[in-house]
Amino acid sequence: MTGLLILIVLAATAGVFLLTRAMHGLSLRAQFGVLLGLGITIGFVFLMMVQMTRFPMWLGISMITVVFVASLFGTRIFLRSLMQEERDEKERVRREANSHPLDGGYSDLHPTAGSGSQR
């Protein structure tokens, strides 16, 4: 029985590791879903530890530790992706503003000699 539990811990650890590594290629919404899933997993394992009398404490503690550490790395990946997307969006807006300074009603952002209201 203990051997099976050890295999479960190893499989869960490998699964959480692979899921965290795969977060780099996911969209922001999917990354947020992964983080939400990791949080729910921590809560579920803790609930199982408390409710089941024969649930081995070492199994619960090791599972919570693995998921908690993975959620820290997942949060870091999510925040970096969020910052990168924000930088990309700012760069896209800057490129559009520089390529068409008089289009789109943004002519006051980069005034030229002939633009602006004459008073």
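Read on for a plain summary of the structure. (Residues numbered from 1 in each chain as written. Predicted model: local features only at pLDDT ≥ 70, side-chain atom pairs only at ≥ 80, totals over all residues. Heavy atoms only, no water.)

Moving on, we get to the side chain of Gln31. Turning to its location among the elements, Gln31 is positioned in helix α2 (residues 28-51). Relative accessible area serves as the criterion here: at 1%, Gln31 is assigned to the buried category. If we ignore the near neighbours within four places in the chain, the residues touching Gln31 are Met23, His24, Leu26, Ile77, Phe78 and Ser81. (Helix = DSSP H or I, 4+ residues; strand = E, 2+ residues; numbered from the N terminus. Buried < 20%, exposed > 50% of the residue type's maximum accessible area, 1.4 Å probe, protein only. Contact = heavy atoms within 4.5 Å.)

For the rest of this paragraph, the subject is the nonpolar core. Listed in full, the 10 residues of the largest apolar core are Val16, Met23, Leu28, Val34, Leu35, Leu38, Val67, Ala70, Ile77 and Phe78. Looking at this core, the elements that each hand over two or more residues are α2 and α3 (57-99). Counting residues in hydrophobic clusters, the runner-up holds seven residues, among them Val45, Met49, Leu59 and Met63. (Core = buried A, V, L, I, M, F, W, Y, C linked by side-chain atoms within 4.5 Å.)

Glancing now at a nonpolar patch on the surface. Together, Ile6, Leu7, Leu10 and Trp58 give the surface a local cluster of nonpolar side chains, amounting to about 410 Å² of exposed area. Looking at the nonpolar patch, the element that brings in the most residues is helix α1 (residues 2-21), giving three residues. If you trace the backbone, Ile6 turns up in helix α1. By relative accessible area, which is 41% here, Ile6 ends up partly exposed. (Patch = residues over 30% accessible without salt bridge, like charges linked within 9 Å, V, L, I, M, F, W, Y side chains within 5 Å. Areas by Shrake-Rupley, 256 points an atom, 1.4 Å probe, with all protein chains shown as cover. Salt bridge = Lys/Arg side-chain N within 4 Å of Asp/Glu carboxyl O.)

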